Amino acid sequence: MWTFIHKWGSPKWFYVMSAKLQPLFWMVSLLLIVTGTVWGLAFAPADYQQGDSFRIIYVHVPAAFLAQSIFVSMALASLVFVVWKIKVADMAAKVMAPLGAVMTFVALFSGAVWGVPTWGTWWMWDARLTSMLILLFLFLGVIALRGAFASRDSGSKAASVLAMVGVINIPIIKYSVDWWFTLHQPATFTLTSRPAMPTEMWLPLLVMVLGFYCFFIALTLMRTRNEILRREINKRWVMDLFQEAR
Amino acid sequence: MSLGLQARQLACERDGRWLFEGLDLDVRCGEIVRIEGPNGSGKTTLLKLLAGQLGDYHGELYWNGERFHKVREHFLANLLYLGHSPGVKAGLTPLENLAWYQALNGDKGDEEQCLNALFHVGLGGFEDVLAGQLSAGQQRRVALARLTLTRRALWVLDEPFTAIDRQGVVALEKQLAAHVQAGGSVLVTTHHALAVSPAVRCVQLG
Amino acid sequence: MLNTPAQGGLWIAFKATLKRDATLMFRRRGELLNPLVFFALVVTLFPIGISPDPVVLSLIAPGLLWVTALLAALLSLDSLFRTDYDDGSLEQLLLTPQPLAALGLAKVVAHWLFTGLPLAIVAPLLGVMLALPAGSYMVLSLSLAIGSASLSLIGAIGAALTVGIARGGVLLSLLILPLYIPVLIFGVGAVQAAINGDGIAAHLAMLGALFAASLLLAPWAIAASLRISING
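What you see is a predicted model; the values in this text were computed from it and never measured. Sequence order as written defines the numbering, with residues in each chain counted from 1. Lettering for chains starts from A, numbering for ligands starts from 1, and both go in the order in which the items are written. Thresholds applied to this predicted model are a pLDDT of at least 70 for local features of residues and 80 or more for the giving and counting of side-chain atom pairs; totals over whole chains, interfaces and linings are not thresholded and use all residues.

Caption draft 1: Looking closely at the interface of chain B and chain C. Note on contacts: residues are paired as contacts if their backbone-placed C-beta atoms lie within 7 Å. Facing 34 residues of chain B, the contacting portion of chain C comprises 29 residues. Put simply, DSSP marks the helices as runs of H or I at least four residues long and the strands as runs of E at least two long, and each gets a number from the N terminus on. Of all the elements in the fold, those that place two or more residues in the side of chain B that touches chain C are α2 (72-76), β6 (79-82) and α3 (94-104) of chain B. Taken together, the residues of the side of chain B that touches chain C break down into 16 nonpolar, 13 polar and five charged. Three categories are distinguished: nonpolar for Ala, Val, Leu, Ile, Met, Phe, Trp, Tyr, Cys and Pro, charged for Asp, Glu, Lys and Arg, and polar for the others, with Gly belonging to the last.

Here you go:
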């Protein structure tokens, strides 16, 4: 376990190994997302209540899932960075934050678009949407804090602390927002929380969720590799790499 | 009892740039060690590091032969650090400032001692004036009063002569000399030429 | 020549730090009033901006009072560690043989005593002006007193993270406000429940739980954040 962590903690090792993993994840994610999209849009049955507009679920739910998972992974990476001082973990945490913010935005936007046919309005203070909005602010806070420090090292550590504080708070926020929502007599109808979804509806959804996760892993690997090059530009092995490329 | 602060192969990296590398340093009792180097060579960072303020460094630090992080509390109980800023609250009187520093050490505090220390640095009669109304040099002196007030073996002083007049400089030099003669040790950065009787060892950075 | 660390000094250091901060705040009485004046002023804006009708006001009063008090507490947070950072005493705080988390907590307690508690005491007066229904005044004060303690604790993490950043004030609100939402929900919930005649125990228990959790965790985060900021 220890040697495993330390191997992957070396930027050079990470750079070399991720080069092998990266194409695999790109391929799988492309395959899954294309399959899920075609399946979900063309073959899955229409909803008896919402008709075809429910198909936004195939973007909304994976994006919302992924956004929350990204925050958790970011906090985990931050923990690894703070405890073991592994810089690659910090680089990963750094590149995850904007991705998470974008995913949260996608979830919010698709939720708003979905709101038009279902609620007749672009925005409802629905529990899920409200939690997503708060998550977006948490992401923006982490990004802004990292950028605000003149010293990169201090920015990394500060953003790590904030990510960990945030991840402790996410369940509390989610729980309290749900409570708040039930107190205010919810609209009879929430997006996506439905008793039982028929198999032919949720299977493509599962495919999409998996596809989004693979996409996230592939993109994180790619962006972490870029970050490694940017930070280690003065190191021997990076210089050698550029020499070879030339 | 022997006292000593040792650094072995000490290196410090900030944002991908090495401030210093492979530094070996020994501070023994009865010794003044002066860190020299041009601006930006990492003097202040080194001092903060040796005062236990910074956690991320490469290499090893020892206090009395034991690893730093194991004896951190013991080390801090024997350290007096004066940084760039004097650490004197403008909204408190010199007396209140000193009383707080005493309490931080877990000391109940003794007003007589505080007054004595203030008198020693030439601030007799100023003990009840808000520190914000004192001049920059006088505020420095409030901080320097801690040298008399708190008995600590290791002094780490970052530019202690800043803003102090000539008499103050002479008095501080005498105090440094007396401290090392009594078996203490001093780690100092200064641009001022030290005129102290025991030899000052210099360590060059950058 | 060598000292051994003093035993039992933590309580002395804690008390002295609390007393020091209290003295400092008391000497700047004008600044101390600022959050309260802000609270009253913003509350005044709402009847002017929305409607002077007591029926409308009484409907929005609980949330309005809570949100305004929350913002007032937030405003005062930026200076919590700022002056200590500027004059170098924060650096000294890091180098005492006492745990930094405890000393940070002492500062937070002082902050709460001089901002959160006064806000909680003043809130019922402003409640009268907003036609807050009778029977909810005690609950308003109580929920604000417990809630603002959590707000001070959580906010201090943000203040510690941004103390090294010039003009960190806006950033501080961005970091902290999302974390304030649970406290706001249960605080307003308690007042609303009192108005509706429902049980308030559940809301207050949740506020208490949030307070206990922040009391347990926040000091460590504050200490870690201060160590980061001091090296920035």
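Caption draft 2: Summary view of the interface of chain A and chain B. At the interface, six residues of chain A touch four residues of chain B. Among the residues forming the side of chain A that touches chain B, the class breakdown is no nonpolar, two polar and four charged.

Caption draft 3: The domain arrangement of chain B, seen in detail. All names here are of chain B. Those domain boundaries reflect an automatic or database domain assignment. According to the domain assignment, chain B contains domain 1 (1-78 + 153-206) and domain 2 (86-151). Distance from the C-alpha centre of domain 1 to the C-alpha centre of domain 2: 23 Å. Contact residues are listed per partner, giving nine residues for domain 1 and seven residues for domain 2. For the side of domain 1 that touches domain 2, the leading source of residues is helix α6 (residues 166-181), giving three residues. Here the side of domain 1 that touches domain 2 is built from residues that sort into five nonpolar, three polar and one charged.

Caption draft 4: Broad picture of the nonpolar core. Here a nonpolar core is just a set of buried residues of the types Ala, Val, Leu, Ile, Met, Phe, Trp, Tyr and Cys, joined wherever their C-beta atoms sit within 7 Å. For every residue, the other C-beta atoms within 10 Å of its own C-beta are counted; 20 or more classify it as buried, 12 or fewer as exposed, and values in between as partly exposed. C-beta atoms are placed from the backbone. Counting residues in each nonpolar core, the largest one holds 202 residues, and the members touching the most others are Leu162 of chain A, Val156 of chain B together with Leu65 and Ala69 of chain C. For this core, the domains that each give at least three residues are domain 1 (1-78 + 153-206) and domain 2 (86-151) of chain B. What Val156 of chain B contacts, discounting residues up to four positions off in sequence, is Leu47, Leu50, Ala51, Leu79, Tyr81 and Leu187 of chain B.

Caption draft 5: Inspection of the sheet that holds strand β4 (residues 58-63) of chain B at higher detail. All names here are of chain B. Read across the sheet, four strands follow the order β2-β1-β4-β5 without closing on themselves; strand pairing throughout is antiparallel. Here the strands that pair on one side only, and so sit at the sheet edges, are β2 (17-28) and β5 (66-67). When strand β1 (residues 4-14) meets β2, the two strands line up antiparallel, connected through eight bridges. Across the sheet, residue Leu10 finds its bridge partner in β2, namely Leu23. Sheet strands touched by helix α1 (residues 43-50): β1 and β2. Its angle to β1, the strand with the most contacts, is close to 130 degrees. Any two strands with at least two DSSP-identified bridges between them are counted as paired. The axes used here are C-alpha line fits, helices contributing only the stretch in contact, and every angle between their N-to-C directions lies in the interval 0 to 180 degrees.

Caption draft 6: Highlighting the pairing of strand β3 (residues 31-36) of chain B. In this sheet, strand β8 (residues 185-189) of chain B lies alongside β3 of chain B in parallel orientation, the contact comprising five bridges. When the bridges of β8 of chain B are listed, Val33 of chain B appears paired with Leu187 of chain B.

Caption draft 7: Quick peek at the packing of helix α7 (residues 137-162) of chain C against helix α8 (residues 169-196) of chain C. Residues and elements named next belong to chain C. At a minimum axis separation of 9 Å, α7 and α8 run at an interaxial angle of 170 degrees. Regarding the angle of α7 to α8, the classification is roughly antiparallel. Residues that form the contact of α7 with α8 fall into these classes: 17 nonpolar, seven polar and no charged. The cut-offs work like this: below 35 degrees is roughly parallel, past 145 is roughly antiparallel, 65 to 115 is roughly perpendicular, and the gaps in between are oblique.

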